[in-house]
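Chains, contacts and geometry: an overview
Now for the letters of each chain:
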Amino acid sequence: MDTDQLIKTLAADNSHRARPVGFVLMLALLAAAPVSLVMFFGELGFRPDIMTAMRNPFFDLKFAVTLALAVSAIAVSLHLSRPEASLRGFGWYLFIPAGLLVAGISGEMMMPQRMPMMTRLVGNNSKICMTAIPLLSLPLLAAALIGLRHGAPARPAVAGAIAGMLSAGFAATLYASHCTDDSPLFVATWYTLATALVTAIGALAGSKMLKY
Amino acid sequence: MRERDEEWTDLMRSAISGDSAAYHRLLKAVTPVLRAAARRGLARAGQPVDQSEDIVQDILLAVHLKRHTWDANAPFAPWLFAIARNKLIDTLRRRGRRIFVDIDDFAETLPGEAPVETAPAGEVAAQLNTLPARQRDVLQSIAVESASIKDTAKRFAMSEGAVRVALHRGLASLTAKLREN
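Since the model is a prediction, treat every value here as computed from it, not as a measurement.

1. What to know about the overall build of chain B
Counting its regular elements, chain B contains nine helices and zero strands. Along chain B, helices and strands appear, N-terminal first, in the series α-α-α-α-α-α-α-α-α. Here chain B holds 181 residues, and 39% of them are scored as buried. In chain B, 62% of the contacts between residues at least 6 apart in sequence involve partners at least 24 apart.

Laid out in C-alpha cells, this is it:
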C-alpha cells in the first residue's frame, strides 16, 4: 500500500469518532471500582469506631490527602495523555497532597501528645498498610492503564507512574477508613511508601502498555 | 510557515467536524514535510533513508488513530510534530540506535524545499496480509482499488456500517501489528 492509498483510506475512516481519553478513563475506573470495594469489605471493612473517629480532624485529614492525590493524579494523567504535553506546569498538582500532609504534621506537632513521635510514626498497622494499599490499587491501576492507552503519552513510563499514584490514591482512601493509625506521621511514612511501590509498578507497566 | 500552520489547523478543525475532503487535503499537505524530516532523521542516525516511507506511514496511522487527543483550540503543528518525533525515535530505537531527534527537524522544514522522491514502503503492506480476511478485503478495496464505502459494501454484501467498522478495526490492528514488530 503506497502512502497516497493509505491517506485515501484514512480519509475514508474520518467519520469514526473516538471518545475523549477522560471519558474512557472514568469508564474503566468505574468498572474496576467494585473489584477493589469487594476486596476491601471482604477482607478489611470500616474500623469499628468509625463514627467517633470522624470527629477527629486527623482521621478526616487522611481522606483529604488521599483524595487530593487521586484527583490531582487524574488531572495530570489526562494532561500527559496528549503527545505534545510534558510535566512542566502540571507537576505542582502532585504537591497538593504533600502540602496537606506537611500542614497536618505541623498541626500535630503543636498539640500536646500522649504518645512519643516514633510510636505514632511506626503505628500498629504498618505491615497491613503496606500490603492493603498496593493490593487494593491493582484493579484500579489496570483500569487506569487501559483507559490511558486511549491517549498518546510522550513518555509512557511517566504516564504509567501517574496512573500508579492515581490508583494508590483511591486505594488509600478505602484503606484509611479501616486503619486506626491517624497520625499524619504514620500517613506520611507508610502511605507514601505504599504509594511509591504502586507508582513504580505503574511506571514499569506503563513503559510497556502506554506506547502508541 | 505561520500561514502553513494556520492552514493545517483550520483543515484539522474542518476534518474533526466531519469534512473528509479537508482531512484528505491535510494529510496530503503534511506528508512531504514528514517525509523530509524522516529522511533527515534517518540520515543523521546513519541509517539508510529508504525506510523513510515506513516511518511516514507509521506517523500517519498514529495521527489518524490519536487525533482525538488533539485540542481543537491549540495549533495543529506542535501536536503533529510531537507524534512524528515519537515515531521516528521509536523506529531508531528499535534498530538499536539511541539518538536525539531535534523537534526543529520537523518544524524547520521549508515549504519551498524540493520534493524528495518517495521510497517504497513495505511494512504496512506486509502487515496487511496478516489481518483477518474481512478487514483485509475492506482495506484493500478502499485503498488499492479506490472503491467507496458504498461500493465496498455492495461488493462484499455487507452493510455500510459493517464496512466502516471493518475499516476502522483494520486500521487499528494494522497499527498494533506495526508496534509489535
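2. Thoughts on helix α2 (residues 21-43) of chain A
Residues and elements named next belong to chain A. Here α2 is 23 residues long and its end C-alpha atoms lie 33 Å apart, about the 33 Å a rise of 1.5 Å per residue gives. Along its length, α2 reaches its greatest deviation from straightness, about 30°, at Ala 32, and the proline Pro 34 lies no more than four positions downstream. Among the residues of α2, Val 21, Leu 25, Ala 28, Leu 29, Ala 32 and Ser 36 are the ones counted as buried. Downstream of α2 by a residue or two, Gly 45 has a phi angle that is positive, lying close to 75°.

3. Observations concerning the environment of Ser14(B)
Structurally, Ser14(B) can be placed in helix α1 (residues 2-16). In this structure Ser14(B) touches Asp19(B) and Ala22(B), once residues within four positions along its chain are discounted.

4. Quick word on the domain arrangement of chain B
Residue and element names in this part refer to chain B. Once the domains are mapped, chain B shows domain 1 (2-120) and domain 2 (124-180). Contact residues are listed per partner, giving six residues for domain 1 and six residues for domain 2. By residue class, the composition of the side of domain 1 that touches domain 2 is three nonpolar, two polar and one charged.

5. A look at the packing of helix α1 (residues 3-12) of chain A against helix α7 (residues 133-143) of chain B
Running from amino to carboxyl end, α1(A) crosses α7(B) at an angle of 110°, the nearest separation of the two axes being 8 Å. Accordingly, the angle class assigned to the pair α1(A) and α7(B) is roughly perpendicular. For the element pair α1(A) and α7(B), the recorded crossing hand is right-handed. Within the contact between the two elements, α1(A) uses Gln5(A), Leu6(A), Lys8(A), Thr9(A) and Ala12(A) and α7(B) uses Leu139(B), Ile142(B) and Ala143(B). Of the residues in the contact of α1(A) with α7(B), the class split is five nonpolar, two polar and one charged.

6. So, the interface of chain A and chain B
It is common to report an interface's size as the accessible area lost on association of the parts. In this complex, chain A contributes 27 residues to the contact, which on the side of chain B involves 38 residues. Partitioned by chemical class, the residues of the side of chain A that touches chain B number 13 nonpolar, eight polar and six charged.

7. Thoughts on unusual backbone geometry
All names here are of chain B. Positive phi, close to 55°, is recorded for Ser 146, a residue that is not glycine. Among the residues examined, Ser 146 registers 13 C-beta atoms within 10 Å and is labelled partly exposed. Even without glycine at this site, Ala 157 takes up a positive phi of about 50°. Along the polypeptide, Ala 157 turns up in the loop between α8 (149-155) and α9 (160-180).

8. Points about the environment of Arg17(A)
Tracing the sequence through the fold places Arg17(A) in the loop between α1 and α2. In this structure the C-alpha to C-alpha distance between Arg17(A) and Ala172(A), which are 155 residues apart in sequence, comes to 36 Å.

9. Details of the confidence of the model for chain A
Keep in mind that low pLDDT regions are not for reading the predicted coordinates in detail. Taken as a whole, chain A shows an average pLDDT of 95; of its residues, 100% reach a score of 70 or greater. Confidence, expressed as mean pLDDT per element, reaches its minimum in chain A at helix α6 (residues 117-122) of chain A with 86 and its maximum at helix α8 (residues 156-176) of chain A with 98.

10. Some words on the confidence of the model for chain B
All names here are of chain B. With 87% of its residues at a pLDDT of at least 70, chain B reaches an overall mean of 88. When mean pLDDT is compared element by element in chain B, helix α3 (residues 52-65) scores highest at 95, while helix α5 (residues 104-107) scores lowest at 61. Among the prediction metrics, the complex's ipTM stands at 0.89, with pTM recorded as 0.90.

11. Quick look at the nonpolar core
Residues Ile133(A), Ala144(A), Ile162(A) and Tyr175(A) are the most contacted members of the largest nonpolar core, which totals 109 residues. When residues of this core are assigned to their parent elements, the largest contribution, 14 residues, is made by α8(A). Formed jointly, this core draws a minimum of three residues from each of two domains, domain 1 (2-120) and domain 2 (124-180) of chain B. Leave out the neighbours within four places in its chain, and Tyr175(A) touches Cys129(A), Ala132(A), Ile133(A) and Leu136(A).

12. Structural notes on α3(B)
In a regular helix each residue adds 1.5 Å, so 14 residues correspond to 20 Å; α3(B) covers 20 Å between its end C-alpha atoms and thus fits that length. The buried fraction of α3(B) amounts to 14 of the 14 residues, a majority that puts the element mostly inside the structure.

13. Considering the packing of helix α2 (residues 20-44) of chain B against α3(B)
All names here are of chain B. Here α2 crosses α3 at 135°, and the two axes come no closer than 9 Å. The pairing of α2 with α3 is recorded here as oblique in orientation. Note that α2 runs across α3; the crossing there is right-handed. In contact with Leu 27, Thr 31, Leu 34, Arg 35, Ala 38, Arg 39 and Leu 42 of α2, α3 contributes Ser 52, Ile 55, Val 56, Ile 59 and Leu 60.

Here is what the cut-offs are and how they apply
- Residues numbered from 1 in each chain as written.
- Chains lettered and ligands numbered in written order.
- Predicted model: local features only at pLDDT ≥ 70, side-chain atom pairs only at ≥ 80, totals over all residues.
- Helix = DSSP H or I, 4+ residues; strand = E, 2+ residues; numbered from the N terminus.
- Buried ≥ 20, exposed ≤ 12 C-beta atoms within 10 Å, placed from the backbone.
- Contact = placed C-beta atoms within 7 Å.
- Expected span 1.5 Å × (residues − 1).
- Bend = angle between axes of the 7 residues up to and from the residue.
- Domains from an automatic or database assignment.
- Nonpolar A, V, L, I, M, F, W, Y, C, P; charged D, E, K, R; others polar.
- Axes fitted to C-alpha atoms, helices over the stretch in contact; angles between N-to-C directions.
- Parallel < 35°, antiparallel > 145°, perpendicular 65-115°, else oblique.
- Left-handed = near helix turned anticlockwise from the far one by under 90°.
- pLDDT = per-residue confidence, 0-100.
- Core = buried A, V, L, I, M, F, W, Y, C linked by C-beta atoms within 7 Å.

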